[in-house]
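Listed below are the residues making up each chain.
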Amino acid sequence: MDRTKTEVLRYLGRRRQAVPAELDALVESCMALMRETAAPRHVWRTFDVEDRADGLAPAGTELMLPGQDIRRCLTGCRRVALLAATLGVGADTLIRRWEHTDLTRALVLDACATQLIEEVCDEAERAVEADADMKSAGRFSPGYGDLPLTLQPGFLAVLDAGRRIGLTCTESLILLPRKSVTALIGLGGRARPAAGRCESCAARGVCDFAKRGEVCP
Amino acid sequence: MTPPDVRAWMRDRILLFDGAMGTMLQQRGLTPGALPELLNIEAPEVVTGVHEAYVEAGADVITANTFQAHELKLGAASVEAVVAAGVGCARAAGARFVALDVGPLGQLLAPMGPVGFERAYEVFRRQVRAGAAAGADLILIETMSDPYEAKAAVLAARENTDLPVFCSMTFQEDGRTFVGCDPLTATVLLQGLGVDALGVNCSLGPALLAPVVETMLTYAREPVLVQANAGLPVIRDGQTVYETGPEAYADEVVKLVRRGVRIVGGCCGTTPAYIRLLRARIEGLAPVAVTPRRVTACTSGTRTVILNGATTAIGERLNPTGKKKMQAALRAGDVGYLLGEAVAQAQAGADVLDVNVSLPELDEPAVLAKVVREVQGVTDVPLQIDSADPAALEAGLRVYNGKPIVNSVNGKRTAMEAVFPLVKKYGALLVCLTLDEEGIPPTAAARVDIARRLRDEARRYGVPEEDLLIDCLVLTVSAQQAQVQETLAAVRGVKAELGLHTVLGVSNVSFGLPEREAVNAGFLAAALGAGLDAAILNPLSARYREVLDVFRVLNNEDKGAAHYIETRAARTKDAPAASAEARVLSLAEIIAQGRRDLAAGAVRARLEAVSPLDIIDREFIPALDEVGRRFESGEIFLPQLMQSAQAVQEGFAVIKDHMTRTGCGRESRGKILLATVQGDIHDIGKNIVRMLLENYGYDVVDLGKDVPIRTVVDTIRAQGIRLAGLSALMTTTVKSMKDTIAAVRAAGLPCTFMVGGAVLSPDYADFVGADHYAKDAMESVAIANEYFSAKS
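What you see is a predicted model; the values in this text were computed from it and never measured. (Residues numbered from 1 in each chain as written. Chains lettered and ligands numbered in written order. Predicted model: local features only at pLDDT ≥ 70, side-chain atom pairs only at ≥ 80, totals over all residues. Heavy atoms only, no water.)

### A short note on the overall build of chain B
Then, in step 1: Of regular secondary structure, chain B possesses 31 helices and 25 strands.
Then, in step 2: Radius of gyration (C-alpha) of chain B: 30 Å, near the 28 Å computed for a compact globule of 792 residues.
Then, in step 3: Along the first, second and third principal axes, the C-alpha set of chain B runs to 90 × 75 × 50 Å.
Then, in step 4: Within chain B, residue pairs in contact and separated by at least 24 positions form 73% of the contacts whose partners lie at least 6 positions apart. (Helix = DSSP H or I, 4+ residues; strand = E, 2+ residues; numbered from the N terminus. Rg over C-alpha atoms; globule rule 2.2 N^0.38 Å. Contact = heavy atoms within 4.5 Å.)

If you want it as structure tokens, here you go:
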């Protein structure tokens, strides 16, 4: 089975169960439909890392990156990229429409979207590395560990993400469109660990895969 | 001296706006991410300096630094003060005209986001009032992605100021806005709202915007505006840069002016150098006259239906008349049932959906507005807002996202006086019934006369004739047999003598006859032959679809019969296999395998031998228990559990129908309230829980998502609810869950709470004060079973 589909099934809660043919066909068709519907967009900027008295910060901005986890993640990094990515409202609308007629399809589409936004972030991360000519130390998002979600509005403002990619944040700090990611990417420090090297990963202790007793792909 | 009106000034001139503000402020040291609007007060000299550079470069209009000077962005700072200072800076720079700049709210509107339409309107109202009070000469609503948000802003501007309103939207490389609006839809919709100019800005450079602009020029009756970026933004060395220089920019913009664009300027990345060059290039260029194509078009927020040369099917099913289930759903406030009907009609090929909620005991304006809002959230098919009550029509028109059809006006003086102004104000196609104070005329000629009067009256209100759909009225053939030919003759007459579009509700004709579908289908064919443009009918009927599909081939609309061939091929493929399988699978197997397609048929067959209650208790529930057990043990995973639940849901629908018909009911196993808490807008998990609970025979009162605490408290009290399930997705909304439970407890209501959701854990459940934590949907069923069995 191809890796993308394995990922989608994993988001649907599959451990080792066999996948019946109808479900397999449903996943295939949802993957195609989500790819057709989503309008992935991303925007990023890179900054020098500034060590201020009360925490790290992207130089020249008023954004503070408090906490120990981001400090560990950016250890040795000279630069940090702010990345925001989204699949656009089309993905949300597609899922919402199916919720009224076929909830299973809606759930599968949701998982396809989750997989797709990760893929978009992976690609963006490679573009960041290429532009900076430095290795990424991995992505770390507001809400992971002790890096607060309250960062979101300022994070989006620095990137002008509303205007550039249509990404917004509610008062409850939920990113909208739903299938969106903001992440910090350390550059020029320790390279991102290989898959499954949990002990040296920036997301150690806060990773969803690890919580489920799994390793990341 | 009063300055000239900008509309008069530009009558024989190309109007030149300024360029970017943000780009210039960042060059002068504005921190990335800081609010530029605050500089109006903190450093007005910097803002005025930017404006002066644009005035000196030759801009006619200076855009005040008020893009997001609204209460959602400014917070505590006074909107009025920031706007007044912003307009003041532009004025101080010596601007010929000052535009109040109105950008998007930075929050998505419902149903995509948390901001309701009326809330958006209020925020814009405060901003535009402040702008008018500060002396702005016009209002520029710009960088809009969502036409619904643009509508809120345009309405706010038109209802609260007398200033000219320009509105421009922002399109991406795929030719659509972030929310999927295309340039045709934007043009039709904004024109309907009566803007003074419309156009595009931001996102792309002028060359890439050319196809979008071309579409607008083809359909726009108002001047078209283009304020492009200095090229497509690209990232170099970690920074965004714009790579189209002033020369190339001006070259491309001048090409657009030669195509008919009347208003130009610049957006991100442009500077006074761009504007200066543009000034030089447009000097001496006279506006190019364009002849817009006049079409009969309605839209949703993302899709336009043009009736010219395209036979149109309007779905009639969202109407309680004669439909017991729909009446019950409306009375119970159960919008879910209506949404299912809406989606089904759209999937069956309806081009437009009629929405009617008239039941004597309902607050029709409020209910119509609510249903319009909900239905437009689940389909991109344009709506036809249907009511005899002008107040209900206005409520529906106001919250509608797009240019709808209004159903209807007629030749009575009172009806015309009430409806035409609404249609003029909001922009809509209008169904015109050919009846007046004297009733329905018996002859075709007299109906054509009423149509003519309606057209002439529409003109007086400024409603263009292409926006009228004449309904020559279908009478019942069993009662007034001779009248059917009069109706058809009237359709021909309206087409030939007036050249207007026609619409008919076909279903009336067959009343009182057996096999009504056959009669309706025959009449539909005759009416289409007479030149009917739009038919109001039940799109779920295969028979009508067949008539329409065939007519569209014969009428040269379905090119190469592509649609006809495709739909026939799909139909012959799967039908026989399913029925063969149904015979060999037991109901338990159908549920275990999650075969939705077979469930209804199997239940119908079982009902011949077994009572409905026995099917539920002895077949559904044991099968579901078994599926649940396999889910718990990890033999199957969530989508499989859900497919089984959906199969039961299909079977349940058959049983409910049977019970309604036979009048044998069943005691509910218990009533459970479900809600996704305030601030949280993702509720797929809650919907899964709802389906499972309903499968087990519970009545679920589903309050939806982002539910205010007050609504939860009030519903629990009003409906005497004893078990409630709350879901939250984010750590930030767990607090809202805690507050909701606390409020119910404080109100002294004896309600047990179960909670679940992505971030929930047993610890969190304790923290919020819940009685039970449900780790997944099956567990919520176990909790409910235990709760209600302990009680009984």
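### A short note on the packing of helix 4 (residues 44-57) of chain B against helix 6 (residues 79-92) of chain B
Residue and element names in this part refer to chain B.
Then, in step 1: Closest axis-to-axis distance for the helix 4/helix 6 pair is 8 Å, and the angle between their directions is 45°. Our classification of the angle between helix 4 and helix 6 gives oblique. Regarding helix 4 and helix 6, the two cross each other, and that crossing is right-handed. Here Pro44, Val47, Thr48, His51 and Glu52 of helix 4 come into contact with helix 6, specifically with Gly86, Cys89, Ala90 and Ala92.
Then, in step 2: Across the contact of helix 4 with helix 6, the residue classes tally to 5 nonpolar, 3 polar and 1 charged. (Axes fitted to C-alpha atoms, helices over the stretch in contact; angles between N-to-C directions. Parallel < 35°, antiparallel > 145°, perpendicular 65-115°, else oblique. Left-handed = near helix turned anticlockwise from the far one by under 90°. Nonpolar A, V, L, I, M, F, W, Y, C, P; charged D, E, K, R; others polar.)

### Section: helix 1 (residues 3-11) of chain A
Residues and elements named next belong to chain A.
Then, in step 1: Where helix 1 is concerned, the buried positions are Lys5, Glu7, Val8, Leu9 and Arg10.
Then, in step 2: The N-cap residue of helix 1 is Asp2: its side-chain oxygen and the backbone nitrogen of Thr4 are 2.9 Å apart.
Then, in step 3: The positive-phi residue at the C-terminal boundary of helix 1 is Gly13, with phi of around 95°. (Buried < 20%, exposed > 50% of the residue type's maximum accessible area, 1.4 Å probe, protein only. Polar contact = N/O pair within 3.5 Å; in protein donor to acceptor, adjacent residues only side chain to side chain.)

### Considerations on the packing of helix 9 (residues 183-192) of chain B against helix 10 (residues 206-219) of chain B
When two helices pack together, their arrangement is given by the angle between the helix axes and by the axis-to-axis distance.
All names here are of chain B.
Then, in step 1: Contact pair helix 9 / helix 10: the axes reach a minimum separation of 8 Å and the direction vectors enclose 40°. Our classification of the angle between helix 9 and helix 10 gives oblique. With respect to the hand of their crossing, helix 9 and helix 10 are arranged in right-handed fashion. Contacts between helix 9 and helix 10 involve Pro183, Leu184, Ala186, Thr187 and Gln191 from the first element and Val212, Thr215, Met216 and Tyr219 from the second.
Then, in step 2: For the contact of helix 9 with helix 10, the residue count by class is 6 nonpolar, 3 polar and no charged.

### Quick look at the sheet that holds strand 14 (residues 352-355) of chain B
Backbone hydrogen bonds are what pair the strands of a sheet, in a parallel or an antiparallel way.
Residues and elements named next belong to chain B.
Then, in step 1: Pairing is parallel in the closed barrel, where 8 strands are placed in the order 13-14-15-16-17-18-19-20. Averaged over all pairs of adjacent strands, the angle between strand axes in this sheet comes to 30°, irrespective of strand direction.
Then, in step 2: Direction of pairing for strand 14 relative to strand 15 (residues 383-386): parallel, over a ladder of 3 bridges. By the bridge assignment, Val355 is partnered in strand 15 with Ile385.
Then, in step 3: Running at roughly 155° to strand 16 (residues 405-410), helix 17 (residues 413-426) makes contact with strand 16, strand 17 (429-433) and strand 18 (468-471) of the sheet. (Pairing = 2+ DSSP bridges.)

### A word on the sheet that holds strand 4 (residues 136-140) of chain A
All names here are of chain A.
Then, in step 1: With antiparallel pairing, the 5 strands of this open sheet are ordered in space as 2-1-3-7-4. If you trace the sheet from one side to the other, it starts and ends with strand 2 (55-58) and strand 4, each paired once. With strand direction ignored, the average angle separating the axes of adjacent strands in the sheet is 30°.
Then, in step 2: Pairing of strand 1 (residues 41-52) with strand 2, which is carried by 4 bridges, proceeds in the antiparallel orientation. By the bridge assignment for strand 2, Asp51 is matched with Leu56.
Then, in step 3: Where helix 5 (residues 103-132) meets the sheet, its contacts fall on strand 1, strand 3 (79-86), strand 4 and strand 7 (180-187), and the angle it forms with strand 7 comes to roughly 30°.

### As for helix 26 (residues 638-662) of chain B
Then, in step 1: The terminal C-alpha atoms of helix 26 of chain B, which comprises 25 residues, lie 36 Å apart, in line with the 36 Å expected from a rise of 1.5 Å per residue.
Then, in step 2: One or two steps after helix 26 of chain B, the chain reaches Gly663(B), where phi turns positive at roughly 75°. (Expected span 1.5 Å × (residues − 1).)

### Some details on the interface of chain A and chain B
Then, in step 1: Counting from both sides, the interface comprises 51 residues of chain A and, opposite them, 61 residues of chain B.
Then, in step 2: Buried surface at the junction of chain A and chain B, summed over both partners, amounts to about 4,800 Å²; 58% is from carbon and sulfur atoms.
Then, in step 3: The tally of links from chain A across to chain B stands at 17 residue pairs in polar contact (both at pLDDT 80 or more).
Then, in step 4: Partitioning the side of chain A that touches chain B into residue classes produces 23 nonpolar, 13 polar and 15 charged. (Buried area = accessible area lost by both parts, 1.4 Å probe.)

### Regarding the pattern of salt bridges
Residues and elements named next belong to chain B.
Then, in step 1: Inspection of every chain in the model, using the stated rule, returns 74 salt bridges over all chains.
Then, in step 2: A salt bridge links Arg596 to Glu650; the nearest nitrogen and oxygen atoms lie 2.9 Å apart. A residue pair is termed long-range when its members are at least 10 positions apart, and Arg596 in helix 24 (residues 596-607) and Glu650 in helix 26 qualify at 54 residues.
Then, in step 3: Beyond isolated ion pairs, a larger network of salt bridges with shared partners links Glu71, Glu80, Arg119, Glu122 and Arg126. (Salt bridge = Lys/Arg side-chain N within 4 Å of Asp/Glu carboxyl O.)

### Details of the confidence of the model for chain A
Then, in step 1: For chain A, the average pLDDT comes to 90, and 87% of its residues sit at 70 or higher.
Then, in step 2: Put simply, helix 8 (residues 208-211) of chain A is where chain A has its lowest mean pLDDT, 61, and strand 3 of chain A is where it has its highest, 97. (pLDDT = per-residue confidence, 0-100.)

### Digging into the side chain of Gln345(B)
Residue and element names in this part refer to chain B.
Then, in step 1: Checked against the element boundaries, Gln345 lands in helix 14 (residues 335-347).
Then, in step 2: Classification of Gln345 by relative accessible area gives buried; the value is 0%.
Then, in step 3: The contacts of Gln345, once residues within four sequence positions are left out, are Gly315, Glu316, Arg317, Leu318, Ala350, Leu353, Pro539 and Leu540.

### Brief notes about the pairing of strand 22 (residues 699-702) of chain B
Then, in step 1: Here strand 21 (residues 671-676) of chain B pairs with strand 22 of chain B via 4 bridges, running parallel. Along strand 22 of chain B, the bridge assignment pairs Ile672(B) with Val700(B).

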